[in-house]
Amino acid sequence: DQQVKQNSPSLSVQEGRISILNCDYTNSMFDYFLWYKKYPAEGPTFLISISSIKDKNEDGRFTVFLNKSAKHLSLHIVPSQPGDSAVYFCAANDSWGKLQFGAGTQVVVTP
Amino acid sequence: NAGVTQTPKFRILKIGQSMTLQCTQDMNHNYMYWYRQDPGMGLKLIYYSVGAGITDKGEVPNGYNVSRSTTEDFPLRLELAAPSQTSVYFCASSYRRGSYEQYFGPGTRLTVT
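Now for a description of the structure that goes with this document. Here the structure is a predicted model, which is why all the values come from computation and not from measurement.

So, how was this worked out
- Residues numbered from 1 in each chain as written.
- Chains lettered and ligands numbered in written order.
- Predicted model: local features only at pLDDT ≥ 70, side-chain atom pairs only at ≥ 80, totals over all residues.
- Heavy atoms only, no water.
- Buried < 20%, exposed > 50% of the residue type's maximum accessible area, 1.4 Å probe, protein only.
- Helix = DSSP H or I, 4+ residues; strand = E, 2+ residues; numbered from the N terminus.
- Pairing = 2+ DSSP bridges.
- Contact = heavy atoms within 4.5 Å.
- Salt bridge = Lys/Arg side-chain N within 4 Å of Asp/Glu carboxyl O.
- Polar contact = N/O pair within 3.5 Å; in protein donor to acceptor, adjacent residues only side chain to side chain.
- Nonpolar A, V, L, I, M, F, W, Y, C, P; charged D, E, K, R; others polar.
- Phe/Tyr/Trp six-rings, centres within 6.5 Å; stacked < 30°, edge-to-face > 60°.
- Lys NZ or Arg CZ within 6 Å of the ring centre and 35° of its normal.

## What to know about the pairing of strand S5 (residues 43–51) of chain B
Residue and element names in this part refer to chain B.
Inference 1: By the criterion of burial, S5 is predominantly enclosed, with 8 of the 9 residues buried.
Inference 2: Here 6 bridges tie strand S4 (residues 31–37) to S5, and the two strands are oriented antiparallel to one another. Within S5, the residue paired with Trp 34 across the bridge is Tyr 47.
Inference 3: Two successive antiparallel strands, S4 and S5, enclose a turn made up of 5 residues, where Gly 40 displays a positive phi of approximately 75 degrees.
Inference 4: By the bridge criterion, 4 bridges tie S5 to strand S6 (residues 54–57) in an arrangement that is antiparallel. Within S6, the position partnered with Gly 51 by the bridge is Ile 54.

Set out below in structure tokens:
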């Protein structure tokens, strides 16, 4: 049973514009959420995270928003750059300290 | 500081063969993890370890075994390989439980035919 869902498998955005990636979850016990970025033939790398007690966390061009009542989080990338072209995974930490991952969203930033 | 390293990068196995995927980390992390990623899917946890000598099953442990004799190494053993084990395998480590950021190796692409 997939507890973390990324319903958009791909996203194409122009360079300089905003990228918005979405993630939904079903388990209300998740207490921490993370976004990972993955390039081809490499392992995922940590991008940004947010605790369940917050609704926003910002780090440079990356902002994560959490809506607990809707069990929804989003990642905003502003402005998008060619180097942002990658697969982005949403992950949630369960009460056992293990991460549940979404299926990923492929972002393509076009010139 | 190499981080998390995995060998081999690629491997083709015949059905019924066995192999060990190697994982080493040099960050002195207590927690280590093995995931598999199938096409179009997220990462699924196979096994994890909270320290040397302690391992536990994740979401998809069937067909795999692990051991953790040192802090640095966490090998994953496939016995009697099956086509369903064709996947990309990632090893990861983290400093402690509650340090939710995990550091991943580059992955091993395994094909079973």
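Now that the structure has been shown, the text picks up again.
## A few points about the interface of chain B and chain A
Inference 1: Listed as interface residues are 19 residues of chain B and, on the opposing side, 22 residues of chain A.
Inference 2: Inspection of the chain B/chain A interface yields 0 salt bridges.
Inference 3: Across the contact surface, chain B and chain A share 2 residue pairs in polar contact (both at pLDDT 80 or more).
Inference 4: Elements with a minimum of two residues in the side of chain B that touches chain A: S4 and S5 of chain B.
Inference 5: Tallied by class, residues from the side of chain B that touches chain A come to 10 nonpolar, 5 polar and 4 charged.

## Considering unusual backbone geometry
Inference 1: With an omega dihedral of -10 degrees, the bond running from Val78(A) to Pro79(A) counts as a cis peptide bond.
Inference 2: Checked against the element boundaries, Pro79(A) lands in the loop between strand S8 (72–77) and strand S9 (86–93).
Inference 3: Cis geometry is adopted by the peptide bond preceding Pro8(B), which originates at Thr7(B) and carries an omega value of -5 degrees.
Inference 4: By the element assignment, Pro8(B) lies in the loop between strand S1 (4–7) and strand S2 (10–13).
Inference 5: Residues other than glycine seldom take positive phi values, yet Ala41(A) does so here, at roughly 65 degrees.

## A short note on the packing of aromatic side chains
Inference 1: For the structure on display, the rule yields 13 aromatic pairs over all chains.
Inference 2: Relative to Phe46(A), the ring of Tyr36(A) lies with its centre 6.0 Å away and its plane at 75 degrees, an arrangement referred to as edge-to-face. Remark: Phe46(A) occurs in strand S5 (residues 45–51) and Tyr36(A) occurs in strand S4 (residues 32–38); sequence separation between them is 10 residues.
Inference 3: Members of the aromatic cluster, each reached through a chain of ring pairs, are Tyr36(A), Phe46(A), Phe89(A), Phe101(A), Tyr33(B), Tyr35(B), Phe90(B) and Phe104(B).
Inference 4: Directly above the aromatic system of Phe74(B) lies the positively charged group of Arg68(B), at a separation of 6.0 Å from the ring centroid.

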